[in-house]
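Survey of secondary and tertiary structure
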Amino acid sequence: MTAVGASFPIFFALISLGIGLATGAGVVISQFFGAKQYKNVQKAIDTMYIILLFSSIVTSLGGIFFIDKILAIVKLPPATIPPAKLYLTILLGGLILDFGYNGTAAIFRSLGDSKTPLFFLILATLTNIVLDIVFVKYLHRGIEGIAIATLISKGGAFLSAVLYIKKKYDLFDIRLFRLKFDKDIFIKSLKIGLPSGFQQMIVALGMMAIFRIVSKFGVTVTDAYSVAMRINFFGIIPAMSFSAALTAFTGQNIGAGKFDRVKQGLKKTIFMSGSVAILISVIVFFGGNHLMRAFTPDEDIIAVGSEFLMIVSSFYVLFSIMFALTGVYRGAGDTLFPMVITFLTLWVIRVPLSEILSEYYGERGIWIALPITWASGMTISTIYYFTGRWKKKRVVSP
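Summarised in this report is the structure supplied together with it. In this text, all values refer to a predicted model and were calculated from it rather than measured experimentally. (Residues numbered from 1 in each chain as written. Predicted model: local features only at pLDDT ≥ 70, side-chain atom pairs only at ≥ 80, totals over all residues. Heavy atoms only, no water.)

Brief notes about the overall build of the protein
When its secondary structure is counted, the protein shows 14 helices and 0 strands. The linear arrangement of helices and strands in the protein, starting from the amino end, is α-α-α-α-α-α-α-α-α-α-α-α-α-α. Against the 2.2 N^0.38 benchmark of 21 Å for 398 residues, the protein shows a C-alpha radius of gyration of 21 Å, consistent with a compact globule. Projecting the C-alpha coordinates of the protein onto the three principal axes gives extents of approximately 60 × 50 × 35 Å. Taking all 398 residues of the protein together, the buried fraction comes to 53%. Partitioning the contacts of the protein with sequence separation of at least 6, the portion at a separation of at least 24 is 81%. With an accessible surface of roughly 18,400 Å², the protein has 69% of that area assigned to carbon and sulfur atoms. A distance of 12 Å separates the average location of the 37 positive side-chain charges in the protein from that of its 20 negative side-chain charges. (Helix = DSSP H or I, 4+ residues; strand = E, 2+ residues; numbered from the N terminus. Rg over C-alpha atoms; globule rule 2.2 N^0.38 Å. Buried < 20%, exposed > 50% of the residue type's maximum accessible area, 1.4 Å probe, protein only. Contact = heavy atoms within 4.5 Å. Areas by Shrake-Rupley, 256 points an atom, 1.4 Å probe, with all protein chains shown as cover. Lys, Arg positive; Asp, Glu negative; His and termini not counted. Charge placed at Lys NZ, Arg CZ, Asp CG, Glu CD.)

Here we look at a nonpolar patch on the surface
There is a patch of nonpolar side chains on the surface, built from Leu 118, Ile 122, Leu 126, Ile 129, Val 130, Ile 133, Val 134, Tyr 138 and Leu 139 and spanning about 840 Å² of accessible area. Considering the arrangement of structural elements, one finds Ile 133 in helix α6 (residues 115–138). When its relative accessible area of 43% is taken as the criterion, Ile 133 is described as partly exposed. (Patch = residues over 30% accessible without salt bridge, like charges linked within 9 Å, V, L, I, M, F, W, Y side chains within 5 Å. Salt bridge = Lys/Arg side-chain N within 4 Å of Asp/Glu carboxyl O.)

A closer look at the pattern of salt bridges
Scanning the entire structure with this criterion turns up 7 salt bridges. With its nearest N and O atoms 3.5 Å apart, the salt bridge here joins Glu 359 to Lys 216. Of the two residues, Glu 359 is situated in helix α13 (residues 336–361) and Lys 216 in the loop between α8 (183–214) and α9 (219–255); the sequence distance between them amounts to 143 residues. Overall, the relative accessible area of 57% leaves Glu 359 in the exposed class. Taking the shortest distance from any N to any O, the salt bridge between Glu 299 and Arg 293 comes out at 2.7 Å. Among the residues examined, Glu 299 registers a relative accessible area of 46% and is labelled partly exposed. Of the residues examined, Arg 293 reaches a relative accessible area of 39% and is grouped as partly exposed. Linked by salt bridges that have partners in common, Lys 216, Glu 355 and Glu 359 make up one network.

Here's the deal with the environment of Pro 238
You can see Pro 238 is positioned in helix α9. Taking the C-alpha atoms as reference, Pro 238 lies 7.3 Å from Val 276; in sequence the two are 38 residues apart. When sequence neighbours within four positions are dropped, the list of residues in contact with Pro 238 reads Val 276 and Ile 280.

Take a look at the structure:
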């Protein structure tokens, strides 16, 4: 459990560049689509796939080559290093499938269709669950089987999504072996995608730094943190999803020159996302103990994880507002500001504060630092929104 939990921030750090590039290309696609420049949409899609292909190859080779040094930085318990290395090596070997799926999902969202990527994600998840059981319970492949199951399910989702988008959208012709590169669109995608990619990398490196602080308190706390963070991730997924939808909405409306609709979209998103966040906060706050039991029967791990969930879940609404604002900035093409905010809140506030508070309050101090980070990020993001500078970052003219 510790090996898989510790592997997540490492893997996330390595794929963050691909996520950022897909985000940048998605913003360009959405703005071209909103401006009804369909030929440029086709060029942007082709260019995105070429970028993701080469970046996935470089990331795979680099990650596998430096895997030992990366694991040494996190300082995992010695017994968990071999399984973590095996798990990450297999995932990195099939990274092109991960990049490809994220890019294809970004295309759907950019065109205003968030239901289709959800369908393929559900399909991939169900496939993953079945294959996990087969590989672990019947084939006895352990953590190796879990990694292989992930690759198979993600690869199936990627290829299925590409075939579906070719069938549904007659305006665009996606041929993975006949892609055409466009230099100007590449530069535009890079200007938006690189800050977003670096932002994701900053988050992932911050997660590794926090994991390192947590590991000082032993295996029980480390396991509890690994489980609680997965439950917490379920709690914040709705806010991230509303933000992704608002990014596509903002991109299309800015491409069409309709800033008033962007403002209304933000208000509606904050209301919907905030309402869901409050509901989830109540569920996690009062049911955290039962949620932890779904992952482990160990009472000590359950006690530590439940405390984390009670503290953090009380502030999901702050996270939802912060991410809604970030969605507007990304859709407008202003990905530099979210990167700066992420760096400040994570590396200037959360990591140092976690280290300091953990000296006085133990692991509880690390938990307290997270909502303080969200409150800081929300405040700064709100101030920036009212300056209106994000409106000047659009990629295309209506």
